[in-house]
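Spelled out, the chains give:
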Amino acid sequence: MPQRLLSDPEQLRAAAVRIRKNIVKMLGRSGSGHPGGSLSSADIMTVLYLNEMNVRPEEPLWPGRDRLVLSKGHAAPVLYAALAEAGFFPEDELLTLRQWGSRLQGHPDMRTTPGVDMSTGSLGQGLSAACGMAIASKMDGAPWRVYALVGDGELQEGQIWEAAMTAVHRKLDNLTAIIDLNGLQIDGTTEAVKSLRNVADRFRVFGWNVIETDGHDIPAIMKAFAAAREAKGVPTCIVAHTIKGKGVSFMENQVGWHGTAPKPDQVEEALRELAAAEEVRN
Amino acid sequence: MAEMIATRSAYGKALVSLGARRNDVVVLDADLSKSTMTAEFAKAFPDRFVQMGISEQDMMATAAGLAAAGKVAYASTFAVFAAGRAFEQVRNSVCYPQLDVKVCATHAGLTVGDDGGSHQAIEDIALMRVLPNMKVFVPSDATVTEWIVKQAAEVPGPVYVRLGRLPVPVLYQPDQRFEVGRAATLRNGNDVAIIACGLMVSKALEAADILIAQGIEARVIDMFSIKPLDLEAIACAAADCGAIVTAEEHSIIGGLGGAVAEAVTSAGKCVPVERIGVADKFGKSGKPDQLLEAYGLTAESVAQAALRCIARARGM
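Predicted model, so just to flag it, every value in this text is computed and none were measured. (Residues numbered from 1 in each chain as written. Chains lettered and ligands numbered in written order. Predicted model: local features only at pLDDT ≥ 70, side-chain atom pairs only at ≥ 80, totals over all residues. Heavy atoms only, no water.)

As enumerated under the stated definition, the model contains 25 salt bridges over all chains in all. The structure contains a network of salt bridges with shared partners spanning Asp201, Arg204 and Glu212 of chain A. (Salt bridge = Lys/Arg side-chain N within 4 Å of Asp/Glu carboxyl O.)

All names here are of chain B. On domain assignment, one finds that chain B holds domain 1 (4–169) and domain 2 (184–315). Distance between the C-alpha centres of domain 1 and domain 2: 26 Å. With 33 residues of domain 1 in contact, the opposing surface of domain 2 contributes 35 residues. Summing both partners gives a buried area of about 2500 Å² for domain 1 against domain 2, and 60% of it is carried by carbon and sulfur. It is Leu110, Ile122 and Arg129 in domain 1 that bury the most area against domain 2; as a group they hold 30% of the surface buried on that side. Residues lysine 287 and aspartate 114 are paired through a salt bridge, measuring 2.9 Å at the closest nitrogen-oxygen approach. Put simply, domain 1 and domain 2 have 21 residue pairs in polar contact (both at pLDDT 80 or more) between them. Contributing elements (two or more residues each) for the side of domain 1 that touches domain 2: helix H7 (124–129), strand E6 (135–137), helix H8 (142–154) and strand E8 (167–169). (Domains from an automatic or database assignment. Contact = heavy atoms within 4.5 Å. Buried area = accessible area lost by both parts, 1.4 Å probe. Polar contact = N/O pair within 3.5 Å; in protein donor to acceptor, adjacent residues only side chain to side chain. Helix = DSSP H or I, 4+ residues; strand = E, 2+ residues; numbered from the N terminus.)

Turning to the sheet that holds E6 of chain B, a few remarks are in order. Whenever strands of a sheet pair, they do so through backbone hydrogen bonds, lying parallel or antiparallel. Residues and elements named next belong to chain B. Pairing is mixed across the open sheet formed by seven strands, whose spatial order is E3-E2-E4-E5-E7-E6-E12. Across the chains shown, the open sheet's two edge strands, defined by having one partner strand only, are strand E3 (49–51) and strand E12 (225–227). Direction aside, neighbouring strands of the sheet carry axes that sit 20° apart on average. (Pairing = 2+ DSSP bridges. Axes fitted to C-alpha atoms, helices over the stretch in contact; angles between N-to-C directions.)

This part is about the interface of chain B and chain A. Every contact between the two is made by 26 residues of chain B and, on the other side, 24 residues of chain A. Taking both sides of the interface into account, the surface hidden between chain B and chain A amounts to around 1900 Å²; carbon and sulfur atoms contribute 54%. Counting every contact that joins chain B to chain A gives one salt bridge. Taking the shortest distance from any N to any O, the salt bridge between aspartate 140 of chain A and lysine 71 of chain B comes out at 2.6 Å. Connecting chain B to chain A are 12 residue pairs in polar contact (both at pLDDT 80 or more). Only E3, helix H4 (56–68) and helix H6 (87–95) of chain B provide two or more residues apiece to the side of chain B that touches chain A. Examining the composition of the side of chain B that touches chain A, we find that eight residues originate from one element, H4 of chain B, more than from any other.

To continue, consider the side chain of asparagine 182 of chain A. Assignment of secondary structure puts asparagine 182 of chain A in the loop between strand E3 (175–181) and strand E4 (184–185). Ignoring any residue separated from it by four or fewer positions in sequence, one finds asparagine 182 of chain A in contact with Gly37, Ser40, Lys72, Asp152, Thr242, Ile243, Lys244 and Asn253 of chain A.

A few words now on a negative patch on the surface. Together, Glu206, Asp289, Glu293 and Glu300 of chain B make up a negatively charged patch on the protein surface. Here aspartate 289 of chain B is to be found in helix H12 (residues 288–294). (Patch = residues over 30% accessible without salt bridge, like charges linked within 9 Å, V, L, I, M, F, W, Y side chains within 5 Å. Areas by Shrake-Rupley, 256 points an atom, 1.4 Å probe, with all protein chains shown as cover. Lys, Arg positive; Asp, Glu negative; His and termini not counted. Charge placed at Lys NZ, Arg CZ, Asp CG, Glu CD.)

All names here are of chain B. On the secondary structure map, alanine 259 appears in helix H11 (residues 256–266). For the pair alanine 259 and methionine 316, spaced 57 residues apart in sequence, the C-alpha separation works out to 22 Å. Those residues in contact with alanine 259 that sit more than four places away from it in its chain are Arg129 and Leu229.

A word on the state of the cysteines. All names here are of chain B. Tallied over the entire structure, the rule returns zero disulfides over all chains. This cysteine, cysteine 104, is not joined by any disulfide, and cysteine 95 carries the nearest cysteine sulfur, 13 Å off. Cysteine 104 provides the cysteine sulfur closest to cysteine 197, a residue in no disulfide bond, and the two sulfurs are 16 Å apart. (Disulfide = S-S within 2.5 Å.)

On to the side chain of serine 71 of chain A, then. Residue and element names in this part refer to chain A. Within the secondary structure, serine 71 sits in the loop between strand E1 (67–70) and helix H4 (76–86). A distance of 3.2 Å separates a polar atom in the side chain of serine 71 from the backbone nitrogen of glycine 126. Once you skip the residues sitting within four places of it in the chain, serine 71 turns out to touch Thr120, Leu123, Gly124, Gln125, Gly126, Leu127, Leu149, Val150 and Glu154.

The following block contains the structure:
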């Protein structure tokens with residue numbers, strides 16, 4: 001049976017708040033990085049590392065582990081915060097993000113950070129790497145699964161659609177792609193920059209099993225992953241409708257918070273809000 | 001007359017024998033398996049062959065994923081696509097994470113022939129050589145190709161192997177021993193050193209024959225290991241011969257000539273270097289021999305470069 005660190009949605013919600021707090025703290029300390037897309041995918045990443053994926057934090061390179069490729073590599077803070085929450089490395093280390101000598105590079109580096117399964121950061125390449133892992137798992141008749149978190153702006157990269165064909169052609173039902181559909185990218189809304197039209201339809205036309213979900217509703221995310229595991233002969237794409245900057249009111253749906261770190265007073269304000277969110281739920 | 005075998009054919013054969021020995025070896029191709037010769041592996045080991053279709057970028061990053069999951073992934077297509085089209089995938093998904101992806105690129109250089117300049121990679125050595133963690137090999141014949149293809153599975157991390165379309169003379173006996181980072185000296189001589197790679201090695205040997213008629217003894221070095229480069233062989237060539245000619249089926253910018261020139265600047269002795277290669281131009285359609293002639297990649301032009309180089313050395 002897969003090892004699940006947490007199974008209670010309430011506990012997962014609390015963990016997601018802790019992860020968001022850590023994202024804000026890390027970025028405040030580093031002075032650079034990407035809060036918007038880290039916060040939008042915090043609930044998805046929480047469910048992945050603390051519930052869905054079969055991983056061994058004490059043995060990060062365990063060959064039988066499920067793998068995650070953070071195709072939208074600029075959301076490294078959410079990956080690091082989730083890995084720390086799962087126990088891959090000490091939480092204190094998060095504050096070294098992007099610093100000289102840190103194991104936490106600006107974008108994920110599989111050679112330096114325990115728990116990072118693939119180096120990413122150049123958009124459009126991660127889904128292909130995830131396909132490669134899923135093919136390897138199938139070749140070996142292994143049970144482990146592969147997850148790829150893909151940005152919506154990232155779908156403008158042509159290679160994503162090459163990989164989308166590969167996954168279907170090779171019947172990679174051990175692969176689940178999650179699209180963080182927050183609707184914003186550096187230069188504006190995805191609609192204004194280069195419209196993606198209907199993302200779910202596009203993946204459906206490519207032959208994927210598509211599940212649409214609210215990317216901030218933890219039980220719904222859990223349900224989507226469970227359904228993905230049931231799909232046979234086709235890869236699953238979870239189109240997760242999210243809010244960029246989710247959880248910090250002044251960052252929500254603001255293009256400017258794609259790649260700008262909060263100042264100290266903004267960190268304080270954000271942490272106050274997140275603490276309040278924690279209390280309401282408790 | 002030596003037996004003629006294309007390095008791509010030697011690659012196809014070597015892959016099959018490697019595949020029989022190691023079941024962690026997988027092969028990817030982008031709809032060119034009959035030309036790159038990976039079709040032989042596909043036939044022998046269909047479960048370990050991944051046909052990617054016409055998507056080289058996807059192929060390189062998929063190979064990276066396979067390697068990240070413990071496979072040794074050989075990825076093949078034409079050199080212009082492997083090094084050019086998929087450059088950034090090779091950089092960020094393969095070299096940066098130091099993954100076991102062995103990029104074996106065929107149809108390198110002008111001798112692609114009729115297909116013309118769009119398909120003749122003249123810049124791939126330069127592109128691959130500049131990447132950290134990447135090893136670059138340009139085999140000159142079937143024997144060294146077979147060794148490199150098998151050796152690539154043993155050396156950890158990314159490897160680029162540059163292979164040709166055209167049959168070329170077999171230069172080595174099957175029992176010849178090679179080493180990574182160690183050039184093979186095919187002919188001894190102390191008047192000038194000709195450092196060549198790929199099909200220009202056999203041209204260099206012909207050039208040495210031309211030179212001997214004029215009483216000039218040329219050393220011929222097969223620098224099949226471009227990275228790591230055999231710095232010692234280059235330093236010795238500079239010290240012993242005092243004049244160096246490089247010969248490659250590649251741009252004179254950034255390839256073997258560039259690498260040797262860089263090495264000479266840090267070698268003990270400053271010696272003139274003449275670079276034979278494609279002079280910063282794209283190729284064109286034509287028969288391979290016509291192209292080699294038109295672009296000056298002949299034994300005669302190597303011999304002339306040797307004479308120029310010796311004259312320069314005397315004038316120093």
